[in-house]
Amino acid sequence: MALKVVETMLEFDENALLPVVAQDQLTGEVRMVAYANAAAIRHTLETGRATFFSRSRKELWVKGLTSGNAMDVSSVLVDCDADCLVYLVRPHGPSCHTGAPTCFFRRLSLDDDKLAIHDDEVPASTLLARLEIVLDARRSSSAAKSYTKSLFDGGPSKIGEKLREEADELSRAIDGETDDRVTSEAADVLFHVMVALKSRGLSITEVLRELERRSGTSGHDEKRSRATAKSGESETSEKPGGGKSS
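The structure contained in this document is the topic of the report that follows. Just so you know, these numbers come straight off a predicted model, no measurement behind them. (Residues numbered from 1 in each chain as written. Predicted model: local features only at pLDDT ≥ 70, side-chain atom pairs only at ≥ 80, totals over all residues. Heavy atoms only, no water.)

## Side note on the packing of helix H4 (residues 147–176) against helix H5 (residues 179–199)
Packing of H4 against H5 brings their axes to within 8 Å, and their N-to-C directions diverge by 150°. With respect to their mutual orientation, H4 and H5 come out roughly antiparallel. Crossing of H4 over H5 shows left-handed handedness. In terms of residue class, the contact of H4 with H5 is built from 16 nonpolar, three polar and seven charged. (Axes fitted to C-alpha atoms, helices over the stretch in contact; angles between N-to-C directions. Helix = DSSP H or I, 4+ residues; strand = E, 2+ residues; numbered from the N terminus. Parallel < 35°, antiparallel > 145°, perpendicular 65-115°, else oblique. Left-handed = near helix turned anticlockwise from the far one by under 90°. Nonpolar A, V, L, I, M, F, W, Y, C, P; charged D, E, K, R; others polar.)

## Quick word on the sheet that holds strand E1 (residues 18–24)
Either a parallel or an antiparallel arrangement is found when strands of a sheet pair, and the pairing is made through backbone hydrogen bonds. If you trace the four strands from one edge of the open sheet to the other, you get E2-E1-E6-E5, paired in mixed fashion. Bordering the open sheet on either side are strand E2 (30–36) and strand E5 (71–78), each of which pairs with just one other strand. Between one strand axis and the next, the sheet turns through 25° on average, direction left out of account. Alignment of E1 against strand E6 (residues 85–91), held across five bridges, turns out to be parallel. In the strand pairing of E6, Val20 is matched with Leu85. (Pairing = 2+ DSSP bridges.)

## A look at the packing of aromatic side chains
For the structure on display, the rule yields two aromatic pairs. Ring geometry for Phe52 and Trp61: centres 5.3 Å apart, planes at 45°, overall tilted. Of the residues examined, Trp61 reaches a relative accessible area of 26% and is grouped as partly exposed. Each residue in the set Phe52, Trp61 and Tyr87 is aromatic and connected to the rest through ring pairs, giving one cluster. (Phe/Tyr/Trp six-rings, centres within 6.5 Å; stacked < 30°, edge-to-face > 60°. Buried < 20%, exposed > 50% of the residue type's maximum accessible area, 1.4 Å probe, protein only.)

## Quick look at a nonpolar patch on the surface
A cluster of nonpolar residues, Leu108, Leu110, Leu115 and Ile117, forms a patch on the protein surface that exposes about 470 Å² of accessible area. Elements with a minimum of two residues in the nonpolar patch: strand E7 (107–111) and strand E8 (114–118). Looking at the secondary structure, you find Leu110 in strand E7. (Patch = residues over 30% accessible without salt bridge, like charges linked within 9 Å, V, L, I, M, F, W, Y side chains within 5 Å. Areas by Shrake-Rupley, 256 points an atom, 1.4 Å probe, with all protein chains shown as cover. Salt bridge = Lys/Arg side-chain N within 4 Å of Asp/Glu carboxyl O.)

## Comments concerning the state of the cysteines
Under the counting rule described, the total for this entry stands at zero disulfides. Left without a disulfide partner, Cys80 is nearest to the cysteine sulfur of Cys84, which lies 9.8 Å away. The class of Cys80 is exposed, set by a relative accessible area of 79%. (Disulfide = S-S within 2.5 Å.)

## A closer look at the layout of surface pockets
Vacant regions in the atomic arrangement are exposed by a probe of water-molecule size rolled over the atoms. Considered as a void within the structure, the largest pocket measures approximately 730 Å³ in volume. Forming the walls of the largest pocket are 33 residues, and the residues nearest its centre are Glu29, Arg31, Ala124, Thr126 and Ala129. Listed by contribution, the elements that provide at least two residues to the lining of the largest pocket are E2, E6, helix H3 (127–140) and helix H6 (204–214). Put simply, the second largest pocket is a space of about 250 Å³. (1 Å grid on protein atoms, 1.4 Å probe; cavity = no way out; pocket = protein on both sides within 12 Å on 5 of 7 lines; lining within 4 Å. Points joined across faces, edges and corners; volume = space filled by probe spheres on them.)

## Description of H5
With 21 residues, H5 extends 30 Å between its outermost C-alpha atoms, agreeing within 8% with the 30 Å of an ideal straight helix rising 1.5 Å per residue. Along H5, the residues classified as buried are Glu185, Val189, His192, Met194, Val195, Ala196, Leu197 and Lys198. For H5, the secondary structure elements touched by its buried residues are H3, H4 and H6. Gly201, located one to two residues past H5, shows a positive phi value of around 75°. (Expected span 1.5 Å × (residues − 1). Contact = heavy atoms within 4.5 Å.)

## A few points about the pattern of salt bridges
Enumeration over the complete set of coordinates arrives at 14 salt bridges. For Lys198, the salt bridge goes to Asp136, with nearest N and O atoms at 3.1 Å. Here Lys198 is found in helix H5, whereas its partner Asp136 is found in helix H3, with 62 residues between them in sequence. Overall, Asp136 belongs to the partly exposed group, its relative accessible area being 36%. The salt bridge involving Lys162 is made with Glu166; its shortest N-O contact spans 3.7 Å. Of this pair, Lys162 and Glu166 are both found in helix H4, four residues apart, which corresponds to roughly one turn of the helix. A single burial state applies to Lys162 and to Glu166, both of which are buried.

In structure tokens:
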């Protein structure tokens, strides 16, 4: 009954469709836009798999059913006019048929009073993703050393030293400096955390995923679970064949 009420409140177009934006729930990146009818929306809510309506094939389309690049849907949002939806998704693989992570990788500009589409690949749409691209470029650069490259070249000890230094400065700023200083020092810490992650071949997305995993869990419970896991690992390593000699 509740679904029937929702369907009558949604503002479908003359073809009984409405646009759906698929947005990465972790990064905020817009992955794709497609259309859905009432049946596709219902299927999405029932299964948790992003489902649309193919206007060319005139049938329901479960994203990734054939390609394997599925989208798990955690929530469906409705805009203020009820004529557009957002699927908050966890994408598995690229979302575009071209193999690009997102369908939005071309740029539109106004050239000589005319709209022009540029096929050159645009930078990532989110700030943290763009920063990761810059970090990758600095790390592999063969030009004169930048500060970022010097951190990578210095290895774990230098990165760790700078990270501890920046964390201490943030702590002191929180204790007795202005909000602007706290913001600035927090940005320094985040930057150096991302450098540290990159040095280990990790992405900030991994951190976001871990924060999502902890969502709804008491901080005390989470720490206890980590302590228990570490204790188990230690006991295992001390058993014969576990990596330590008796």
